[in-house]
Amino acid sequence: MTLIEKALEFENRKFKFVTTSDRILASREAKALILEINEEYKKSKDGELMDLMKRLTVVKQRIEKRLKGKPLTA
């Protein structure tokens, strides 16, 4: 499976995380994919890779937002 296929599969996956550790693993996987794509982007400067990185970053931010939880109200 190529890097792009892995990234697209991750992006299209249903995110139903039961535990915090599931969320942490998904966040780490997203980060690893983004960094690998970034290395390829540095070599080729392909705009599609940049778009893919941006979409994965949005998914990663959603996961991390859920990890941090709701802020406490004063």
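That block above? That's the structure.
Residues numbered from 1 in each chain as written. Predicted model: local features only at pLDDT ≥ 70, side-chain atom pairs only at ≥ 80, totals over all residues. Heavy atoms only, no water.

Chemist: I'm lost on the overall build of the protein chain in this one. Help?
Modeler: A count of helices and strands for the protein chain gives three helices and zero strands. Ordered by position in the sequence, the α and β elements of the protein chain form the string α-α-α. Principal axes of the C-alpha set define a box for the protein chain whose edges measure 50 × 25 × 15 Å. Taken across its 74 residues, the protein chain has 26% of its residues classed as buried. Across the protein chain, the fraction of contacts at a sequence separation of at least 24, relative to all contacts at a separation of at least 6, is 63%. (Helix = DSSP H or I, 4+ residues; strand = E, 2+ residues; numbered from the N terminus. Buried < 20%, exposed > 50% of the residue type's maximum accessible area, 1.4 Å probe, protein only. Contact = heavy atoms within 4.5 Å.)

Chemist: Help me out: how do you make sense of the side chain of lysine 60 in this one?
Modeler: On the secondary structure map, lysine 60 appears in helix H3 (residues 47-68). Setting aside chain neighbours within four positions, we find lysine 60 in contact with Ser27, Ala30, Lys31 and Ile34.

Chemist: Even after reading the chapter, I still don't get unusual backbone geometry, so can you show me in this structure?
Modeler: Apart from glycine, the bulk of residues carry a negative phi angle, and the bulk of peptide bonds sit in the trans form. Even without being a glycine, lysine 45 presents a positive backbone phi close to 55 degrees. Note that lysine 45 resides in the loop between helix H2 (20-44) and H3.

Chemist: Got a minute to help me understand the packing of helix H1 (residues 3-12) against H2 in this structure?
Modeler: The description of two helices packed together rests on the angle between their axes and the distance between the axes. Closest axis-to-axis distance for the H1/H2 pair is 10 Å, and the angle between their directions is 145 degrees. The chirality of how H1 crosses H2 is left-handed. On H2, the residues that touch Leu3, Lys6, Ala7 and Phe10 of H1 are Ala26, Glu29, Ala30, Leu33, Glu36, Ile37 and Glu40. Grouping the constituent residues of the contact of H1 with H2 by class yields seven nonpolar, no polar and four charged. (Axes fitted to C-alpha atoms, helices over the stretch in contact; angles between N-to-C directions. Left-handed = near helix turned anticlockwise from the far one by under 90°. Nonpolar A, V, L, I, M, F, W, Y, C, P; charged D, E, K, R; others polar.)

Chemist: Where do I start with the packing of H2 against H3 in this structure?
Modeler: Where H2 contacts H3, the two axes come as close as 9 Å, and the packing angle between them is 160 degrees. The orientation of H2 relative to H3 falls into the category roughly antiparallel. The crossing of H2 and H3 is left-handed. Broken down by class, the residue content of the contact of H2 with H3 amounts to 14 nonpolar, five polar and six charged. (Parallel < 35°, antiparallel > 145°, perpendicular 65-115°, else oblique.)

Chemist: Looking at this structure, how should I read the pattern of salt bridges?
Modeler: If charged atoms from side chains of opposite charge come close, those side chains can pair. Using the criterion set out here, one finds three salt bridges in the structure. The salt bridge partner of lysine 60 is glutamate 64, with a shortest N-O separation of 2.7 Å. Of this pair, lysine 60 and glutamate 64 both sit in helix H3, separated by four residues, roughly a single helical turn. (Salt bridge = Lys/Arg side-chain N within 4 Å of Asp/Glu carboxyl O.)

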